[in-house]
Amino acid sequence: MVDWTKTFKAEYDFGRKFLAKESNFAEDWQPLVRKLHQLMSDEGFDAGRAQALSDLRKKVKQGESTLLGHKTVTEDKGILRAVGGWTDAADGVLDSRTKSRAATLKLLRHVYLLNKSGNRKVWLLSLPQDFHDWPTDDLHARAATEIAARHLLRSDNELFSDEDKKNLASATQHALAWCQKAGIVLANAANGISGKPGEKNVAAVNLVKRWFGDPGASVVDLAGFIATLSTGFKAIIAMLNKGHFVLTDWVPLRTASVQNDVDYLYSEAFTFRSRAEGMDTVYIERSFFAHDAGGVVHGHKNWVRILVHELTHLVCGTDDVNIGKARYAHYGIGPHAGFPGSAAVRNADSWAFFAADCAGVLTEGERNHALKII
């Protein structure tokens, strides 16, 4: 079974510790190691120091200097030379600390800043598929010899393709835009529910009622829903604007065999509620880019929906409310006596489809499908 304490943050913190002492690396690597350590702040990656990742991707292929520049080497040699673990005979055995330093460089070599537009900064770890666990754990478990370590350190079959990276960057930008549109609607709804006239205010209140207002909901109930939603979407926007948001898969799940773990592996995505991990991370899994014929929205719109859904879990502590069945839109999330507003306002997919509606991206058919009464 997967050890759920083995979060991305745990790997991040471990690696950061091993970068702290640059003298443990080859002399020509020490300036870059210093920059990499500065990149890894207490709160997460620092976008202002992202160049260090590009420099790392060049440095791992850089061999001995010549009159014409540097020889090109394989990445395993570059990394092992950096940590003092390379032997020409390849008959060495790496000690624990050498493996840990190598694992940290390998981890960072596959971290990317997907976009940097204003405050919109999204990080992606696309670890090669040859890894069965986070680099630190995998090197300790499967690299008893230098040859075994070389295999993992030179692997380059990244999980996410260049096209995936573009799509994840775009989806995150649109997720932020949906949340911003939701914030505008909720500000108008707050005015409307307090009695301020205006077509925008009335329309905004009706939009909130559509997704959260069961027939028994009072004005006081609706005002409470509006306040909860407004606070939540503001918190999501603020979190995204800090620039530390990370996307990755949960690497230890890759070899899942227990059914509960397999279910997570083949989910679209998941995260830890209420920022319990201590780092803003969403895990992108096997079904994220898959076409679900039974889904309500598809393609890019669904990728954005998934991210907003997960962000409400991560930041706002929402649930996948189970009344009759887990309340995903394909099952039906129309508010009614059997699924009251008090439940809908805790339900992640209700938040996500509300945000999509605020952004004006739902067709009438998609909206009606999601609002089924069950």
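Our subject is the structure that appears above.
Residues numbered from 1 in each chain as written. Predicted model: local features only at pLDDT ≥ 70, side-chain atom pairs only at ≥ 80, totals over all residues. Heavy atoms only, no water.

Considerations on the overall build of the protein chain
In terms of helices and strands, the protein chain carries 15 helices and 9 strands. Summarising its shape, the C-alpha atoms of the protein chain cover approximately 75 × 40 × 30 Å along the three principal directions. In the protein chain, which comprises 374 residues, the proportion classed as buried is 52%. Accessible area of the protein chain: about 16,000 Å², with a carbon and sulfur share of 51%. Counting 46 positive and 44 negative side-chain charges, the protein chain places the averaged centre of each group 5 Å from the other. (Helix = DSSP H or I, 4+ residues; strand = E, 2+ residues; numbered from the N terminus. Buried < 20%, exposed > 50% of the residue type's maximum accessible area, 1.4 Å probe, protein only. Areas by Shrake-Rupley, 256 points an atom, 1.4 Å probe, with all protein chains shown as cover. Lys, Arg positive; Asp, Glu negative; His and termini not counted. Charge placed at Lys NZ, Arg CZ, Asp CG, Glu CD.)

Some remarks on the packing of helix 10 (residues 219-242) against helix 12 (residues 299-316)
One can describe the packing of helix 10 onto helix 12 by two numbers: an axis separation of 9 Å at closest approach and a directional angle of 95 degrees. Judged by the inter-axis angle, helix 10 sits roughly perpendicular to helix 12. When helix 10 is examined against helix 12, the residues Gly232, Ala235, Ile236, Met239 and Leu240 are found in contact with a partner set consisting of Leu311, Thr312, Leu314, Val315 and Cys316. Along the lines of polarity and charge, the residues of the contact of helix 10 with helix 12 split into 8 nonpolar, 2 polar and no charged. (Axes fitted to C-alpha atoms, helices over the stretch in contact; angles between N-to-C directions. Parallel < 35°, antiparallel > 145°, perpendicular 65-115°, else oblique. Contact = heavy atoms within 4.5 Å. Nonpolar A, V, L, I, M, F, W, Y, C, P; charged D, E, K, R; others polar.)

A short note on the pattern of salt bridges
Scanning the model with the defined rule gives 25 salt bridges in all. Residue lysine 61 is joined to glutamate 75 by a salt bridge in which the shortest nitrogen-to-oxygen separation is 3.9 Å. On the criterion of sequence distance, the pair formed by lysine 61 in the loop between helix 3 (51-59) and strand 1 (62-66) and glutamate 75 in helix 4 (residues 75-82) is long-range, its members being 14 residues apart. Given a relative accessible area of 40%, lysine 61 falls into the partly exposed group. What makes glutamate 75 buried here is its relative accessible area of 8%. (Salt bridge = Lys/Arg side-chain N within 4 Å of Asp/Glu carboxyl O.)

A short note on the packing of aromatic side chains
Overall, the coordinates contain 20 aromatic pairs when judged by the stated rule. Summarising the aromatic geometry, the rings of tryptophan 4 and tryptophan 250 are spaced 4.9 Å apart at their centres and angled 55 degrees between planes, so their arrangement reads as tilted. Remark: tryptophan 250 occurs in the loop between strand 5 (245-248) and helix 11 (259-265) and tryptophan 4 occurs in the segment before helix 1 (8-19); sequence separation between them is 246 residues. With relative accessibility at 27%, the residue tryptophan 4 sits in the partly exposed group. (Phe/Tyr/Trp six-rings, centres within 6.5 Å; stacked < 30°, edge-to-face > 60°.)

Here's the deal with the side chain of aspartate 280
Mapped onto the elements, aspartate 280 comes out in the loop between strand 6 (269-270) and strand 7 (281-284). For aspartate 280, a relative accessible area of 11% translates into the label buried. In terms of polar contacts, aspartate 280 uses its side chain to reach the side chain of arginine 275, at 2.8 Å. Not counting chain neighbours up to four residues away, the residues in contact with aspartate 280 comprise Met239, His244, Phe245, Val246, Arg275 and Leu314. (Polar contact = N/O pair within 3.5 Å; in protein donor to acceptor, adjacent residues only side chain to side chain.)

What to know about the nonpolar core
Nonpolar side chains in soluble globular proteins generally cluster together in the buried interior. Within the largest apolar cluster, 65 residues are counted, with the highest numbers of intra-cluster contacts made by Trp211, Phe212, Phe233 and Phe354. Per element, the largest residue contribution to this core is 11 residues, and it comes from helix 8 (residues 162-193). In this structure, Met40, Ala102, Leu253 and Met279 belong to the second largest nonpolar core, which totals 48 residues. (Core = buried A, V, L, I, M, F, W, Y, C linked by side-chain atoms within 4.5 Å.)

Some thoughts on helix 9 (residues 199-212)
If you check helix 9, its first and last C-alpha atoms are 20 Å apart, about what 14 residues at 1.5 Å a residue would give, namely 20 Å. Here helix 9 has its buried residues at Asn201, Ala204, Val205, Leu207, Val208, Trp211 and Phe212. When helix 9 is viewed along its axis, its buried side chains cluster within an angular range of 155 degrees and face the same direction. Buried residues belonging to helix 9 abut helix 8, helix 10, helix 13 (341-344), helix 14 (348-358) and helix 15 (364-370). (Expected span 1.5 Å × (residues − 1). Arc of directions from axis to C-beta.)

Re the side chain of threonine 172
Tracing the chain through its elements places threonine 172 in helix 8. Among all residues touching threonine 172, those that are not within four sequence positions of it are Val122, Phe245, Leu247 and Leu307.

Considerations on the packing of helix 2 (residues 30-39) against helix 3
Any two packed helices are characterised by the angle at which their axes cross and by the distance between the axes. The contact between helix 2 and helix 3 brings their axes to 9 Å, and the two run at 140 degrees. Of the possible angle classes, the one that applies to helix 2 and helix 3 is oblique. Seen from above, helix 2 lies across helix 3 with left-handed handedness. On the side of helix 2, the interface is formed by Leu32, Lys35, Leu36 and Leu39, while helix 3 contributes Ala52, Leu53, Asp55, Leu56 and Lys59. When its residues are assigned to classes, the contact of helix 2 with helix 3 shows 6 nonpolar, no polar and 3 charged. (Left-handed = near helix turned anticlockwise from the far one by under 90°.)

As for unusual backbone geometry
One non-glycine residue with positive phi stands out, namely alanine 90, at about 55 degrees. Topologically, alanine 90 is positioned in the loop between helix 4 and helix 5 (96-109).

Describing the environment of glycine 63
As for its position among the elements, glycine 63 is in strand 1. Among the residues examined, glycine 63 registers a relative accessible area of 7% and is labelled buried. Taking the C-alpha atoms as reference points, glycine 63 and glutamate 75, 12 residues apart in sequence, are found 9.7 Å from one another. When residues no more than four places from it in sequence are discounted, the contact partners of glycine 63 are His70, Lys71 and Val73.

In short, the description is geometric, and any link to function would need to be established separately.
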